[in-house]
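Structure assessment
Each chain, written out:
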Amino acid sequence: MSFSIFNRPAIVSKLQSNNFDLLIIGGGITGAGIALDAASRGLKVALVEKNDFAFGTSSRSTKLIHGGLRYLKQLEFGLVKEVGSERAVVHSLAPHLVVPEKMLLPLSEKQGMGYWLTSIGLKMYDFLAGVKAEDQRRMLTKLQTLKYEPLLRKDDIKGGAIYAEYRTDDARLTIEIIKTAVQHGATILSYARATDFIYKSEAVAGVKVEDQLSGNSFDIRSTSIVNAAGPWVDDLRVTNKSKEGKSLHLTKGVHIVVAHERFPVKQAIYFNVDDGRMIFAIPRGRSTYIGTTDTNYTGDKNEVYTSREDAVYLIAAVNTNFPSINLSLPDLESSWAGLRPLIHEEGKSASELSRKDEIFESPSGLISIAGGKLTGYRKMGERVVDLVIEKNFESMSLMPCMTHKIKLTHSDFVDFVAVKSYTVLVTRRLHKLGLPEGKSKYLVENYGRQSDQILDLVSEYSENPELTLLKAELDFCIQHEMISSLQDFFVRRTGRMNFDITSVKNFKIAIADEMKWKLRWSEAKLSSELDQLNTLINNITMFK
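Read on for an overview of the structure. Remember, predicted model here, so these are calculated numbers, not experimental data. Throughout, a residue's number is its position along its own chain's written sequence, starting from 1. Reporting of local features is limited, given that this is a predicted model, to residues whose pLDDT is at least 70; pairs of side-chain atoms are given and counted only at 80 or more, and all residues count toward the totals for whole chains, interfaces and linings. By convention in this description, side-chain values take in all heavy atoms of the structure and omit both hydrogens and water.

Moving on to the overall build of the chain. Labels follow the DSSP assignment, with helices taken as runs of H or I lasting at least four residues and strands as runs of E lasting at least two, numbered in each case from the N terminus. Within the chain, the regular secondary structure consists of 17 helices and 18 strands. Within these notes, the globule rule equals 2.2 Å times the number of residues to the 0.38 power, and the radius of gyration is based on C-alpha atoms. A compact globule built from 544 residues would reach a C-alpha radius of gyration of about 24 Å, and the chain, at 23 Å, matches this within 12%. Seen through its C-alpha atoms, the chain measures out along the principal axes to roughly 70 × 60 × 45 Å. Across the 544 residues that make up the chain, the buried fraction comes to 61%. Taking the intrachain contacts of the chain between residues at least 6 apart in sequence as the baseline, contacts between residues at least 24 apart amount to 72%. A total of about 21,600 Å² of accessible surface is found on the chain, and carbon and sulfur atoms cover 52% of it. When charges are counted, Lys and Arg contribute as positive and Asp and Glu as negative, whereas His and the chain ends are disregarded. Charge coordinates come from a single atom per side chain, which is NZ of Lys, CZ of Arg, CG of Asp or CD of Glu. In the chain, 70 positive and 66 negative side-chain charges are present, and the distance between their average locations comes to 3 Å. Accessibility here uses a 1.4 Å probe with only protein chains present; expressed as a share of the type maximum, an area under 20% marks a residue as buried, one over 50% as exposed, and anything in between as partly exposed. Here a residue-residue contact requires only that any non-hydrogen atoms of the pair lie within 4.5 Å. The Shrake-Rupley method, run with a 1.4 Å probe sphere, supplies the accessible areas, and residue values consider only the shown protein chains as cover.

See the structure below:
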């Protein structure tokens, strides 16, 4: 059964009619990782998500699979070792989606760590993360640093370093893990909100669910229930009447996007700002994105956007360190803002809070997990599933954790060299089809070998080349990636809302009409979808 909205009734029926070993609430990277781990070990798994997959934090990160260099300053060596080591593991699972990215770290005369302290810190970082010799840090002189990035402020640079990280698309990583979990037998549904718990002898035994698309309600029964709802974890703990002791501390991180020609950095760069924080500037296709901030947040968790104050802060950081750039608000093409579900620690500022994950168990048996980083999703999943098995399934003959060797959907690339070779083939095929050859890297980094399936669909369309390719993408996502809205497609499957918002504005009507026809939308539904998309465009481009 393909993972498509057309099979939604069958999925709902399966959720209603089965008793599951494990039910996960939350379809972000954490919930997805738990689902894949549990299903691949042999547990009968269900997962529900109240919005689209990766709607919350998992589509709004800095989009790096990185080791958390700054956590060395906080002496969190265990965290650095775990997530640092995980970078290479996650890269091996999907080399097309987790892409090697050399990071330039310029050293300032007036702030940040000194040259030798940085050298020692990066050496420790390489050691803890198990970085291969060819990727280990290289210290640079002032002249070398400015050669790597001539745009840097020249009077404040005393040297620098190059070290290894990985870039990803967080939302696509999440959907590929979800799809892989489905291939391993998990039953997964988006737009299905957990409204209450079902109890048996005072222990959680299921969840009441409201279908956000049909309005219908149904029950799911399960032996174990895990709350992996990210910023909404405490909301479910309140519903479970178990919010005691530690609680979440939400902080907001924002990113702004400009055309690469407006801020043409030569590679990813991680630089100091005047308040002691550090900021990334990362080139991506036709864009450069800049972030992030770290501020306390108490607003609506469903409506998180970049404020004028956030944008001005990041613009000032760029203009101080790259004085010839002179960015201003009108240069910003797009933005995104997300929430970090951290664990509250009395007396600590947003930036000082630990990024370590923690697991809470309620008297009724609800297991909740919060905190953590994108990079550590697999180990978080392993820890949660180990606990679930210890609590309820020790007598079962189950497989050990195998997620370190389960390739994500159709990813049989041996390494990144194989990805590059495949990209050449996709470029040639695009040329033969009369489609934009420059889209080959975008297709491969988003879809891997599934790019062939998308190109197989091109013959069904006869519009201009870019729209033809976009409609083929849409067709693929409808058939295989459970999309049901314009935002699902433009924000979390293609990333266009972040990195090519012009194409969204140019083709939103054509794509909406195509979705209306394929998904049998009414005129009212079509109008509502376009209204919601236009509202989002305004919210991420009009800084208030």
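Our next topic: the pattern of salt bridges. Side chains that carry opposite charge are capable of pairing whenever their charged atoms lie near each other. The working definition used for a salt bridge is a side-chain nitrogen of Lys or Arg within 4 Å of a carboxyl oxygen of Asp or Glu. Per the counting criterion, the structure on display carries 45 salt bridges. Three or more residues joined by partner-sharing salt bridges are found here, namely Asp 52, Arg 172, Glu 176, Lys 179, Glu 481, Asp 488, Arg 492 and Arg 493.

Attention shifts here to helix α17 (residues 523-541). To estimate the expected span of a helix, count its residues, drop one, and scale the result by 1.5 Å. Between its terminal C-alpha atoms α17 stretches 27 Å, which fits the 27 Å expected from 19 residues at 1.5 Å a residue. Turning to α17, its buried residues are Leu 526, Glu 529, Leu 530, Leu 533, Leu 536, Ile 537, Asn 539, Ile 540 and Thr 541. Summarising the contacts, the buried residues of α17 are in contact with β16 (332-343), α14 (486-493), α15 (496-499) and α16 (501-519).

Once that is clear, we can look at the layout of surface pockets. Buriedness for pockets is judged along seven lines, at least five of which must meet protein on both sides within 12 Å for an open set on the 1 Å grid over protein atoms alone, while cavities are sets there where a 1.4 Å probe fits but cannot get out, and lining residues have an atom within 4 Å of a point. Grid points are joined across faces, edges and corners, and a volume is the space filled by probe spheres set on the points. Estimated volume of the second largest pocket: approximately 730 Å³. In terms of lining residues, the second largest pocket is bounded by 30 residues, among which Asn 51, Phe 55, Gln 487, Arg 492 and Gln 532 are the most central. Within the residue set of the lining of the second largest pocket, elements represented by two or more residues are β16, α14, α15 and α17. With seven residues, α17 is the largest single contributor of residues to the lining of the second largest pocket.

Right, let's talk about empty space enclosed by the protein for a bit. Counting across every chain of the model gives six cavities of 30 Å³ or more. Space inside the second largest cavity adds up to approximately 70 Å³. Looking at the second largest cavity, the residues that line it are Pro 106, Leu 107, Ser 108, Leu 152, Arg 153, Asp 156, Ile 157, Phe 271, Asn 272 and Asn 321. Within the residue set of the lining of the second largest cavity, elements represented by two or more residues are β4 (99-108) and β12 (268-272). Among the elements that make up the lining of the second largest cavity, the one with the highest residue count is β4 (three residues). Residue polarity is assigned by list, with Asp, Glu, Lys and Arg as charged and Ala, Val, Leu, Ile, Met, Phe, Trp, Tyr, Cys and Pro as nonpolar; anything else, Gly included, falls into the polar class. Residue composition of the lining of the second largest cavity, by class: five nonpolar, three polar and two charged.

By the secondary structure assignment, Lys 102 is in strand β4. Distance from Lys 102 to Ile 540, taken between C-alpha atoms, is 29 Å for residues 438 residues apart in sequence. Excluding residues that lie within four positions of it along the chain, Lys 102 makes contacts with Glu 134, Asp 135, Ile 162, Tyr 163, Ala 164, Gln 267 and Ala 268.

A separate point is the packing of helix α2 (residues 29-41) against helix α9 (residues 377-392). Between N-to-C directions, angles cover 0 to 180 degrees, with each direction set by a line fitted to C-alpha atoms, over the stretch in contact for helices. Running from N to C, α2 and α9 point in directions that differ by 55°, and their axes come no closer than 8 Å. Regarding the angle of α2 to α9, the classification is oblique. Helix-helix and strand crossings are classified by hand; for α2 and α9 the assignment is right-handed. Contacts between α2 and α9 involve Ile 29, Thr 30, Gly 33, Ile 34, Asp 37, Ala 38 and Arg 41 from the former and Tyr 377, Met 380, Gly 381, Glu 382, Val 384, Val 385, Asp 386 and Ile 389 from the latter. Considered class by class, the residues forming the contact of α2 with α9 number eight nonpolar, three polar and four charged. The scheme is simple: roughly parallel for angles under 35 degrees, roughly antiparallel for over 145, roughly perpendicular for 65 to 115, oblique for anything else. The sense of a crossing depends on the near helix, which, turned anticlockwise from the far helix by less than a right angle, makes the crossing left-handed and, turned clockwise, makes it right-handed.

Residues Gly 291 and Thr 292 are joined by a peptide bond in cis, for which omega reads 20°. Position of Thr 292 relative to the elements: it lies in the loop between β14 (287-291) and β15 (295-296). Its identity is not glycine, yet Lys 63 carries a phi of approximately 60°, on the positive side. Among the secondary structure elements, Lys 63 is positioned in the loop between β2 (45-48) and β3 (64-65). We classify Lys 63 as buried; its relative accessible area is 2%. Located in the positive-phi region is Lys 241, a residue other than glycine, with phi close to 55°.

Here we come to the nonpolar core. One finds Phe 263, Ile 290, Phe 322 and Ile 511 to be the most contacted residues of the largest nonpolar core, which totals 149 residues. With eight residues, helix α13 (residues 465-480) is the single largest residue contributor to this core. Ranked by size, the runner-up nonpolar core spans 18 residues in total, among them Met 103, Leu 122, Met 139 and Ile 282. As used here, the term nonpolar core means buried Ala, Val, Leu, Ile, Met, Phe, Trp, Tyr and Cys residues forming a set that is joined through side-chain atoms within 4.5 Å.

We now examine the pairing of β16. For β16, the tally of buried residues reaches 11 of 12 residues, placing the bulk of the element in the interior. Bridge analysis of strand β11 (residues 248-259) against β16 gives 11 bridges, and the strand direction is antiparallel. In the sheet register, Leu 250 faces β16, and the bridge partner there is Pro 341. Here a strand pair is declared whenever DSSP counts at least two bridges between the two strands.

Describing an aromatic ring pair means giving the distance of the ring centres and the angle of the ring planes. Each Phe, Tyr or Trp ring, with Trp reduced to its six-membered ring, pairs with another whose centre is within 6.5 Å; inter-plane angles below 30 degrees give stacked pairs, above 60 give edge-to-face pairs, and intermediate values give tilted ones. Scanning the entire structure with this criterion turns up 11 aromatic pairs. Relative to Phe 322, the ring of Phe 271 has its centre 5.2 Å away and its plane inclined at 85°; by these criteria the two rings are edge-to-face. Here Phe 271, found in strand β12, pairs with Phe 322, found in the loop between α8 (308-321) and β16; they are 51 residues apart in sequence, far enough to count as distant. The exposure class of Phe 271 is buried, given its relative accessible area of 1%.

Here we take up the pairing of β11. Among the 12 residues of β11, 12 are classified as buried, and the element is accordingly described as predominantly covered. In this sheet, β15 lies alongside β11 in antiparallel orientation, the contact comprising two bridges. What sits directly across from Thr 251, in β15, is Asn 296. Of the pairings in the sheet, the one linking β11 to β14 comprises five bridges and is antiparallel in character. Each residue of the ladder has a partner; that of Val 258, found in β14, is Thr 288.

Inspection of the secondary structure assignment puts Ser 440 in helix α11 (residues 440-447). In this structure, Ser 440 is in contact with Thr 423, Val 426, Thr 427 and Leu 430, ignoring residues within four places of it in sequence.

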